[in-house]
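Chain by chain, the residues:
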Amino acid sequence: MANKTDLPSLTSNNSNYESLDLAVRKIDLIYRQSINGVIVIFANAAAFLYISWNNVSQAFSLTWVSVLFTSVLIRLSMLYRWKRVKPTLRHVDETHFWHRTMCGLLLISGLCWAAVGLVAPYGSTIQQILTALLVCSMSAGAMITYVSSRVAMMCVVAPAMLGWGIGYVTSGQQHHLLVGMLVMVYCGLMIVMGKNLNQAIIKLLTLDTKLQKNEEHLRMSMASSDALTWDWDMTTDSLHCEGNAALFPLGTEQLKTLLKENRSATLELDTEAIFTDSFGSARHVALKGRFYRNPDNVPYRATGIAWDITTKRNEELLRRERDLHEAANNAKSVLLANASHEIRTPLAAILGFADTLLRSPHLDDQSRRDVQSIHRQGNFMASLVNDLLDLSKIETNRLYIQKAPMNPARELEDSLSVIRSALEDQKHDIQIYYESQIPEIIESDSVRFRQVLINLLSNAVKFTHEGTITVRVGFYSDTDNTGHLTICVTDTGMGMDDATQKNLFQPFVRGESAEVQRVQGSGLGLALSERLARMMNGRLRLVSSELGKGSSFELSLNVGPVHKLRLVAPSKQKNQALDRVKIAKETGFLKDRRVLVVDDSEDLRLLMNRYLQKQGADVDTAENGEQAVYKAMARPFDVILMDIKMPVMDGYKATTQLRTNGYTRPIVALTAQASVEGQKKSMEHGFDGYLSKPVDMNLLNDILSRVQGPLN
């Protein structure tokens, strides 16, 4: 149903926009009255020719009757066409042609009768009397017949009366001026009367159109609401119903019984009833109405409305079930978050010590392979924990996209660098092609953007034992001038069968072949990446895949209006990305810096101490927040790496106390529970940065550079 802004005004005189229905009805009145007008025209024309044939030039008479009859025939033809076109009209502007055409034909008729009036003073008395009757009858008839259009009415009345009056004024006969002026006055009176009649009929048409519209809206509302209205005359037991009678499976007697049960209790009826329909399902019906009572308080009439509220009741049931489901999800999220923290803490120690061992030159080949297996499985477990936590947050709407300006080419090159660093001993060739200029800066979540890219690239590497991995980057704008950044990752690996492709983006879905099962993975990466892409206002899809020939995935992001983007040649971005990767290989950038490591895990304190000392730092440790506050206030450190969950005093309380005591040096949150919410909470408690275990030295350097300038 159209809303109010779609409904045109139905006021004829006070609005420049009338409804299509009203315009069609006005024109339809003119055309339908044409038949009566044609009969009168033929009769009056025949009478005029009979009286004036010998008194008026036959050339005039023949020309006059030819023009008049031709216009009449055209009007009949237009009437036929109007009846066919009328149902197809969809806009008021489409009616203008039909109105103007009929007005033009009526003007020709009016001019013909004006010609009769012009020659009338020169004829016999009988001819003059007949002319007067003809002109007056045609003018009066037009005033009534075409009253729905003031213009159409005036096209006949004004020419006919003015022609008759001018004929007498210019005839020079006795009393010609008086007769001519009387005709002119009579013409003016007819115009005024015609205007009043037109206003009256338009008002009636407007009201009638409004009434029809309201009736139509009411019928549509009743139909869409599936409701039933009733009016029960209890004195005669006459019940009139309109609407959905199926609300009461046993018919109107069921409604009467329900009303009788409630009539003695209240004046206003507001109740619900439950019925069983023909399919055996329970239906909830709401009734609202009123009882009318006589002076003896006896009800004699009942009116009201009934409607089906089964959907509403079912929604309430579903809402309760949803609340229970959300509570279960929240409990699951809390469990996963706590489990994640408890798993990450020892996992960080395992990975850290494994990394330290791998850097040692004293390991024999067998020991190095063993430690590499520990490190590889630890990384897989950390990735699995991260994916499970992210999926849980998405399911409970707790994962948020943090949009900020980012360089897509730089993020892409960084992601490729991460993948390439793990391919030194493998037979893979990774190629990247920029097929067009791309935006220099876009608004998106760089962390989630990189997460999706790394997942696509790592999948391509895992499922391609040996071959080429191609990354194609492009940019295009759609018809709305909205920019889209596309990244297509294609490999030449093992590919997928049709069954795997159908459920590819479902959690824990992997191929069933032995070759796929030998590849390490949980089946969570693509499911998570597809959801993250949608949250970033984008789309991740499988372009193609064929067993034994490889697969192709495309990530497409909506990056906003094109005119707000600056497109650059991607080659300029590569060196900048390589510069950032180079930082990871630098050592000693914490030389002579005093660093306090606060953690309740002795293993992690030992690991961080060893790790930071290799960077040239002077390291001190504390096992809880209370010790950290004491040591920091006694002698400030260049930076404090503070764990969050600790006994005695946690990291939040310790940092708050330090800030309250006036400590202004950098404090970085170092936690195993990495999340956007945790990062936000840390900043609110006075932390300067936020890092997850094990510490990323690149991010640490960025944070320290931000808060107190470059450290190297």
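Refer to the structure above for everything that follows.
This structure is a prediction, so every number in the text was calculated from the model and none was measured.

Asks: Residue-level account of helix 18 (residues 625-634), with values.
Replies: Note that an α-helix has 3.6 residues per turn; residues three or four places apart therefore point the same way. Of the positions making up helix 18, those classed as buried are Gly-625, Ala-628, Val-629 and Ala-632. Axial view of helix 18: buried residues confined to an arc of 100 degrees, hence all on one face. Residues Tyr-630 and Ala-634 are exposed on helix 18 and point more than 90 degrees away from its buried face. Tucked into the core, helix 18 has its buried residues touching strand 15 (594-598), strand 16 (618-622), strand 17 (639-642) and helix 19 (651-660).

Asks: Account for the sheet that holds strand 16, with residues named and values stated.
Replies: In spatial order, the strands read 16-15-17-18-19; together these five strands make up an open sheet with parallel pairing. Edge strands, defined here as strands with exactly one partner in the open sheet, are strand 16 and strand 19 (689-692). Strand-to-strand twist in this sheet, taken as the mean axis angle between neighbours without regard to direction, amounts to 20 degrees. Looking at chain direction, strand 15 and strand 17 are connected through four bridges and run parallel. Across the sheet, residue Val-598 finds its bridge partner in strand 17, namely Met-642. The sheet strands contacting helix 19 are strand 17 and strand 18 (667-671), and the helix crosses strand 17 at an angle near 155 degrees.

Asks: If you had to explain the side chain of Ser-109 to someone new, which residues and values would you point to?
Replies: Position of Ser-109 among the secondary structure elements: in helix 4 (residues 96-119). A relative accessible area of 2% means that Ser-109 is categorised as buried. Those residues in contact with Ser-109 that sit more than four places away from it in its chain are Ile-41, Leu-68 and Arg-75.

Asks: Go over a nonpolar patch on the surface with me, naming the residues and quoting the values.
Replies: Taken together, the side chains of Ile-35, Ile-39, Leu-73 and Leu-76 present a nonpolar region at the surface, about 360 Å² in accessible area. For the nonpolar patch, the secondary structure elements donating two or more residues are helix 2 (34-52) and helix 3 (58-85). Along the chain, the position of Ile-39 falls in helix 2.

Asks: I'd like a description of helix 6 (residues 150-169), backed by residues and values.
Replies: Spanning 20 residues, helix 6 covers 27 Å between terminal C-alpha atoms, matching the ideal 28 Å at 1.5 Å per step. The element helix 6 is extensively covered by neighbouring structure, given that 15 of its 20 residues are classed as buried.

Asks: Can you lay out the pairing of strand 12 (residues 538-546) for me, pointing to particular residues and giving the numbers?
Replies: Pairing of strand 12 with strand 13 (residues 550-561), which is carried by eight bridges, proceeds in the antiparallel orientation. Bridge assignment links Ser-545 to a residue of strand 13, and that residue is Ser-551. The antiparallel hairpin formed by strand 12 and strand 13 contains three residues in its connecting segment, where Gly-548 sits at a positive phi of about 80 degrees.

Asks: Could you give an account of the pattern of salt bridges, with specific residues and numbers?
Replies: Evaluated as defined, the whole model comprises 21 salt bridges. Note that Glu-316 is salt-bridged to Arg-313, the shortest N-O span being 3.0 Å. Pair noted here: Glu-316 and Arg-313 are both in helix 9 (residues 310-359), with a separation of three residues, about one helical turn. Classification of Glu-316 by relative accessible area gives partly exposed; the value is 25%. As a salt-bridge pair, Asp-638 and Arg-593 come within 4.0 Å of each other at their nearest N and O atoms. Taken together, the residues span a long stretch of sequence, with Asp-638 in the loop between helix 18 and strand 17 and Arg-593 in the loop between helix 16 (571-583) and strand 15 at a distance of 45 residues. The exposure class assigned to Arg-593 is partly exposed, which follows from its relative accessible area of 23%. Linked by salt bridges that have partners in common, Asp-237, Glu-253 and Lys-256 make up one network.

What counts, and at which threshold
Residues numbered from 1 in each chain as written. Predicted model: local features only at pLDDT ≥ 70, side-chain atom pairs only at ≥ 80, totals over all residues. Heavy atoms only, no water. Buried < 20%, exposed > 50% of the residue type's maximum accessible area, 1.4 Å probe, protein only. Helix = DSSP H or I, 4+ residues; strand = E, 2+ residues; numbered from the N terminus. Arc of directions from axis to C-beta. Contact = heavy atoms within 4.5 Å. Pairing = 2+ DSSP bridges. Axes fitted to C-alpha atoms, helices over the stretch in contact; angles between N-to-C directions. Patch = residues over 30% accessible without salt bridge, like charges linked within 9 Å, V, L, I, M, F, W, Y side chains within 5 Å. Areas by Shrake-Rupley, 256 points an atom, 1.4 Å probe, with all protein chains shown as cover. Salt bridge = Lys/Arg side-chain N within 4 Å of Asp/Glu carboxyl O. Expected span 1.5 Å × (residues − 1).

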